[in-house]
Amino acid sequence: PSFSLQALFIFLPPRGVLRSHSTMVNAVAVITGTNGRKGTVSFSVEGSGPTTVKGSLSGLPPGDHALIIHTYGNISNDWISTGPPFKPAGADGFLENITVTSEGIATFEIYKTIPLSGTNSVIGRGLVVHSSPSPDPGDGVAWGTIGLSY
């Protein structure tokens, strides 16, 4: 049978359409607190790569603060109802110490293995900015719940 080379290209996807088998997962925590503290922290991971955590927060006390994932996403009683730090197998819930400027602003980007799916997923868990840096983070000064986003 005869066929043209042009006919073969009909079955190929346009250039740039081929995708890997990995899946992109995105999440976000909307951060609130007393005294006008607010911001967002986004989580993004593709496949089994590291998770990119980007944050922009304002109204916080200047200095260094621990950013910690807590077990529960319940923020009905501020940060206290988020429970203890989330500690799945071998993890401690601690993301990073972030630095807040004298104007009360923190912007950061963290690369760390943080599961956004599966048994140890952080989806639905609390995210708390603490009053002091780790290892002795003190009380929470701002908080939110990590939820899926698209």
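Conventions and cut-offs
- Residues numbered from 1 in each chain as written.
- Predicted model: local features only at pLDDT ≥ 70, side-chain atom pairs only at ≥ 80, totals over all residues.
- Heavy atoms only, no water.
- Helix = DSSP H or I, 4+ residues; strand = E, 2+ residues; numbered from the N terminus.
- Buried < 20%, exposed > 50% of the residue type's maximum accessible area, 1.4 Å probe, protein only.
- Contact = heavy atoms within 4.5 Å.
- Areas by Shrake-Rupley, 256 points an atom, 1.4 Å probe, with all protein chains shown as cover.
- Core = buried A, V, L, I, M, F, W, Y, C linked by side-chain atoms within 4.5 Å.
- Pairing = 2+ DSSP bridges.
- Axes fitted to C-alpha atoms, helices over the stretch in contact; angles between N-to-C directions.

Peer 1: Help me out: how do you make sense of the overall build of the chain in this one?
Peer 2: The helix and strand tally for the chain stands at one helix and nine strands. The buried share of the chain, taken over its 150 residues, is 35%. When contacts within the chain are restricted to residue pairs at least 6 apart in sequence, long-range pairs at least 24 apart make up 60% of them. Total accessible area on the chain stands at roughly 8,900 Å², and carbon and sulfur atoms take up 57% of it.

Peer 1: Would you mind showing me how to read the nonpolar core here?
Peer 2: For soluble globular proteins, nonpolar side chains are generally found buried alongside one another. Among the nonpolar cores identified, the biggest contains 27 residues, and Phe43, Leu57 and Leu127 are the most heavily contacted of them. Breaking this core down by element, the ones donating at least two residues are strand E1 (24–32), strand E2 (38–46), strand E3 (51–58), strand E4 (63–70), strand E6 (94–100), strand E7 (106–112), strand E8 (126–130) and strand E9 (140–149). At four residues, E1 tops the list of elements feeding residues into this core. Residues within four places of leucine 57 in sequence aside, it is in contact with Ile31, Lys38, Gly39, Thr40, Val41, Ile98, Gly104, Ile105, Ala106, Phe108 and Val129.

Peer 1: Can you help me understand the pairing of E4 in this one?
Peer 2: Regular strands show a simple pattern: their side chains alternate between the two faces of the sheet. Counting buried positions along E4 yields six of eight residues, so the element is predominantly enclosed. Where E4 and E8 come together, four bridges link them in antiparallel fashion. Counted as the bridge partner of isoleucine 69 is leucine 127 from E8.

Peer 1: Teacher, can you tell me more about the side chain of threonine 51 here?
Peer 2: Of note, threonine 51 is situated in strand E3. Setting aside anything within four residues of it in sequence, one finds threonine 51 in contact with Phe43, Ser44, Val45, Ile110, Tyr111, Lys112, Thr113, Ile114 and Leu116.

Peer 1: Would you take a moment to explain the sheet that holds E7 for this structure?
Peer 2: Pairing between the strands of a sheet comes from backbone hydrogen bonds, and it takes one of two forms, parallel or antiparallel. Pairing is antiparallel in the open sheet, where eight strands are placed in the order E6-E4-E8-E9-E1-E2-E3-E7. Two strands lie at the open edges of the sheet, namely E6 and E7, each paired on one side alone. The average angle at which neighbouring strand axes cross in this sheet is 20°, direction not considered. Looking at chain direction, E1 and E9 are connected through five bridges and run antiparallel. Among the inter-strand pairings, alanine 27 is bridged to a residue of E9, identified as leucine 148.

Peer 1: Looking at this structure, I do not really get unusual backbone geometry. What am I missing?
Peer 2: The step from serine 134 to proline 135 runs through a cis peptide bond, and the omega angle for that step is 20°. Here proline 135 lies in the loop between E8 and E9. One non-glycine residue with positive phi stands out, namely aspartate 78, at about 55°. Along the chain, the position of aspartate 78 falls in strand E5 (residues 76–79).

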